[in-house]
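Descriptive analysis of the structure
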Amino acid sequence: QVQLVESGGGLVQAGGSLRLSCAASRSIFKINDMGWYRQAPGKQRELVASISTGGNTNYADSVKGRFTISRDNAKKTVSLQMNSLKPEDTAVYYCNAYVLAAYYSAPRSTWGQGTQVTVSS
């Protein structure tokens, strides 16, 4: 089983905070670049934040200064701390990573199932 699982989504009022986590399954033995994406109703999926193998981070302008992406290589997780949430942050959030697992000849892009974040005004 090669799988990424998101958690931490929910309903929060504007100005509140949530912390999303993405955990890699045991069969994944190496994680390279990782990122969080989101897709709102009627919108295309967009990259929210990413973190490279070396720890370099990038953020969409819309979340810069409010969101923080981090990774824990020992635990094989990536997190997204979301502060000062706005209604426009409402979306399904997806974890994505290039991973290596048994029988993989090269890193493969792997997606989580998504977790709903709803921010009320």
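Residues numbered from 1 in each chain as written. Predicted model: local features only at pLDDT ≥ 70, side-chain atom pairs only at ≥ 80, totals over all residues. Heavy atoms only, no water.

Overview of the packing of aromatic side chains
Under the definition given, this model contains two aromatic pairs. Here the aromatic rings of Y94 and W111 are separated by 6.4 Å at their centres, their planes lie at 80 degrees, and the arrangement is edge-to-face. Placement of the pair is Y94 in strand 9 (residues 91-101) and W111 in strand 10 (residues 108-111), with a sequence separation of 17 residues. With relative accessibility at 37%, the residue W111 sits in the partly exposed group. Three or more aromatic residues joined by ring pairs make a cluster, and in this case those are Y37, Y94 and W111. (Phe/Tyr/Trp six-rings, centres within 6.5 Å; stacked < 30°, edge-to-face > 60°. Helix = DSSP H or I, 4+ residues; strand = E, 2+ residues; numbered from the N terminus. Buried < 20%, exposed > 50% of the residue type's maximum accessible area, 1.4 Å probe, protein only.)

A short note on the nonpolar core
Counting 28 residues, the largest nonpolar core has W36, F67, V78, L80, M82 and Y93 as the members making the most contacts within it. Broken down by secondary-structure element, the contributors of at least two residues to this core are strand 3 (18-24), strand 4 (28-39), strand 5 (46-51), strand 7 (67-72), strand 8 (77-82), strand 9 and strand 11 (115-120). Here this core takes five residues from strand 9, the largest share from any one element. (Core = buried A, V, L, I, M, F, W, Y, C linked by side-chain atoms within 4.5 Å.)

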